[in-house]
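Working through the structure, step by step
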Number of protein chains: 2
Amino acid sequence: MAPHGDKSDAAEETMVAEAEKRPISTILIVMAMQSEALPVVNKLNLSEDLESVFPKGVPWVRYRGFYKDLNINLVWPGKDSSLGVDCVGTVPASLVTYASIQALQPDLIINAGTAGGLKAKGACIGDAYVASDVAFCDRRIPIPVFDLYGLGLRQAFSTPNLQKELNLKVGKLSTGDSLHMSTQDEASMVANDAVVKDMEAAAVAYVADLLKVPSVFLKVVIDIKDGEETTAEESSQSFAALERAVTQVIDFINGKCLSDL
Amino acid sequence: MAPHGDKSDAAEETMVAEAEKRPISTILIVMAMQSEALPVVNKLNLSEDLESVFPKGVPWVRYRGFYKDLNINLVWPGKDSSLGVDCVGTVPASLVTYASIQALQPDLIINAGTAGGLKAKGACIGDAYVASDVAFCDRRIPIPVFDLYGLGLRQAFSTPNLQKELNLKVGKLSTGDSLHMSTQDEASMVANDAVVKDMEAAAVAYVADLLKVPSVFLKVVIDIKDGEETTAEESSQSFAALERAVTQVIDFINGKCLSDL
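The rules behind each value
Residues numbered from 1 in each chain as written. Chains lettered and ligands numbered in written order. Predicted model: local features only at pLDDT ≥ 70, side-chain atom pairs only at ≥ 80, totals over all residues. Heavy atoms only, no water. Disulfide = S-S within 2.5 Å. Least-squares fit on C-alpha atoms with pLDDT ≥ 70 in both. Contact = heavy atoms within 4.5 Å. Phe/Tyr/Trp six-rings, centres within 6.5 Å; stacked < 30°, edge-to-face > 60°. Helix = DSSP H or I, 4+ residues; strand = E, 2+ residues; numbered from the N terminus. Buried < 20%, exposed > 50% of the residue type's maximum accessible area, 1.4 Å probe, protein only. Lys NZ or Arg CZ within 6 Å of the ring centre and 35° of its normal. Pairing = 2+ DSSP bridges. Patch = residues over 30% accessible without salt bridge, like charges linked within 9 Å, V, L, I, M, F, W, Y side chains within 5 Å. Areas by Shrake-Rupley, 256 points an atom, 1.4 Å probe, with all protein chains shown as cover. Salt bridge = Lys/Arg side-chain N within 4 Å of Asp/Glu carboxyl O.

**Here's the deal with the state of the cysteines**
By the definition in use, this model includes 0 disulfides over all chains. A:Cys87 takes part in no disulfide bond, and the closest cysteine sulfur to it belongs to B:Cys137, at a distance of 20 Å.

**Details of the relation of the copies chain B and chain A**
Structural alignment of chain B on chain A gives an RMSD of 0.0 Å, achieved by rotating through 180° and translating 0.0 Å along the axis. Each copy turns onto its partner about a two-fold axis. Taken together, the interface assignments show that 98% of the residues at the interface of chain B recur at the interface of chain A, consistent with an identical surface on both copies.

**Quick word on the packing of aromatic side chains**
Describing an aromatic ring pair means giving the distance of the ring centres and the angle of the ring planes. Within the structure shown, the criterion is met by 5 aromatic pairs over all chains. The interplanar angle of 85° and the centroid separation of 6.0 Å between the aromatic rings of A:Tyr98 and B:Tyr98 together place this pair among those described as edge-to-face. Separated into two different chains, A:Tyr98 in helix 3 (residues 90-104) and B:Tyr98 in helix 3 (residues 90-104) make up a pair that spans both. Overall, the relative accessible area of 5% leaves B:Tyr98 in the buried class. With 5.5 Å between their ring centres and 80° between their planes, B:Phe54 and B:Trp60 make a pair best called edge-to-face. Of the two residues, B:Phe54 and B:Trp60, neither departs from the other in class, the shared state being buried. Site record: aromatic cluster; members linked through ring pairs are A:Phe54, A:Trp60, A:Tyr98, B:Phe54, B:Trp60 and B:Tyr98. A cation over an aromatic ring shows up here: A:Lys256 above the ring of A:Phe252, its NZ or CZ 4.0 Å from the ring centre.

**Side note on the pairing of strand 6 (residues 128-136) of chain B**
All names here are of chain B. With 8 of its 9 residues buried, strand 6 lies for the most part within the structure. Of the strand pairs in this sheet, strand 6 and strand 10 (residues 215-224) are connected by 3 bridges, and their pairing is antiparallel. By the bridge assignment for strand 10, Ala-128 is matched with Val-220. Looking at chain direction, strand 6 and strand 8 (residues 169-175) are connected through 6 bridges and run parallel. If you follow Val-134 over to strand 8, its bridge partner there is Leu-173.

**A few points about the side chain of A:Ser188**
Mapped onto the fold, A:Ser188 is located in helix 6 (residues 183-191). Once you skip the residues sitting within four places of it in the chain, A:Ser188 turns out to touch A:Phe136 and A:Cys137.

**A few points about a nonpolar patch on the surface**
Taken together, the side chains of A:Leu83, B:Val145 and B:Leu148 define a hydrophobic patch exposed on the protein surface, amounting to about 220 Å² of accessible area. For B:Val145, a relative accessible area of 34% translates into the label partly exposed.

So far we have only geometry, and geometry alone does not tell us how the molecule works.
What follows is the structure, encoded as C-alpha cells:
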C-alpha cells in the first residue's frame, strides 16, 4: 500500500539479476551478543565506528573495516542501557537490521550466532549450520492465513557452493524469543522440521525480505535442547567455532558474486 | 556504547522539562490492524500519505491530517505482501514505530488497539483501558538479569488527568506474539498482574523508550481470555468503542502540554 517509486517489477528483476553477477562488496554481519561478536571483530581486525550511523540514544554498535576485497560491517544491538545485558531477541535484531540496511545498503546479510540444536535431528555441540529456511516457533495465531503469517517461513538465500566447499551442515531453523521453549514452541519447532533454534533469525529474515537484501544464516550449536547441559568448556569452544565459521564464510565470499554462492 | 552527541544529561533533562510545558503538537498513533485504524482515520478525517516517508517496498501505511490544533499521524504496518493479512505482532510494530519516530519526531505516541481481557481482573468486552505499564509475557530467559530483560517491563507516560476526566480504566498490560497463549504465557500474564493482553504494546514501548518519546497505550477489550467467545456483534462494538476512545483521548490532548495529561 506504500508507493513504489517509478521502477517496474521487470526493471527491478533485471537490477537484481545484474547485482547477482557483480562481485559482492558490502557485507552486513548481524550478531546478537558481544561474546559472539568480539572474536569475529578481532579476527577480521574491525574497529568500532565512533561516528555512529544510528540515532542518538540507541545502544546499537557497529564495527567496520576492509577485509580482503570486502567492506565488512558487523552490528549487534548492544547492551540494554538499564540492565546491562545483551539486547537479544527478535525486536532489537529487527531494528538494528533495518537501520543498518538503510544506512549501509549491504549486498548481503550474514546473521551469525550460537543456537540450540536437536540431537534427535543430528545436531552436536560445535556444529556449524547454514539454515535452508527460517520460521518463528512462538507466534501462534490460529486463524486461517494469519497462522502462516505467524509462522513467518522464509527461505534463506541459496548457497550450494558455499555449503559444499566449507562442508557445512544444512538444516531448518526455528526462532523464538524464549531461551526455554514452552511445550507449544517445541511442538512448533518439530512441526517446522527444524534442527536448530535461535532467538533472532526469523526476524532478521523478515526485515531482509521487506527490503530485498539476500541473507544467509550461520548458526553454531552451543547447547542441545534434547540432551545434557552444556559445560563451560563446550560454550567456549562453540564461540571459537562460530568465529572460525564466520571467517571461512567471509573468505569464501571474497571475490565472488551472489550467483557464485 | 553509541556516541551521545555533545549534549549533557542535564541539558537533555532541561529540554525534556521544557517540552513537557509546550502544547503537544505532533501525535503518532500506532495501530496494528486496518479494521482498528479505518474508523479512526474516518472520524479524524485523515488521508493516506501517498508520498511515503517510509522506504520503498515496505507495506507500512501512514494517514495524516490536522485535527483541531494537532498534527495527527496514524501508522499501521500494512498488509503482508505475500499473504494479505495485517502485519500484527511485535516485529512490524517495532519497525514502523522506529521509522515513524525518525521521520516525524512526534511529541507523543498513542499505541491504540483491541486486546484480550481477564474477567477475573474485572475486564468486560468494550472496556477502554489505559495501561499503567507494559511487559512481554512470552520472552522467558531464565538467566539472572536476562529474565528482567525478557520481561521488558516499562511504565507508560503518566496520564492521571486524562484517566480521571475520561473515566478510563487503568491496568497492567501484557504483550505476546501469540493470539492463543501457552500455559507459560498465561502464567507470565498472571505474574505481571496484567488485566489486558495485546500483541504489540511492549515492543512499541521498547522503541519509544530507546528514542525517548513519551507513549501511552489505549486498549479496548475485544475478547475475554477466561470467558465466553466474542460474538460478531461484540467485535463490531469493540471497534466502535476503540474509535470513540481514541477520539476522546485526542480531544482531551488538544491544546494541552504533556505535563497536563
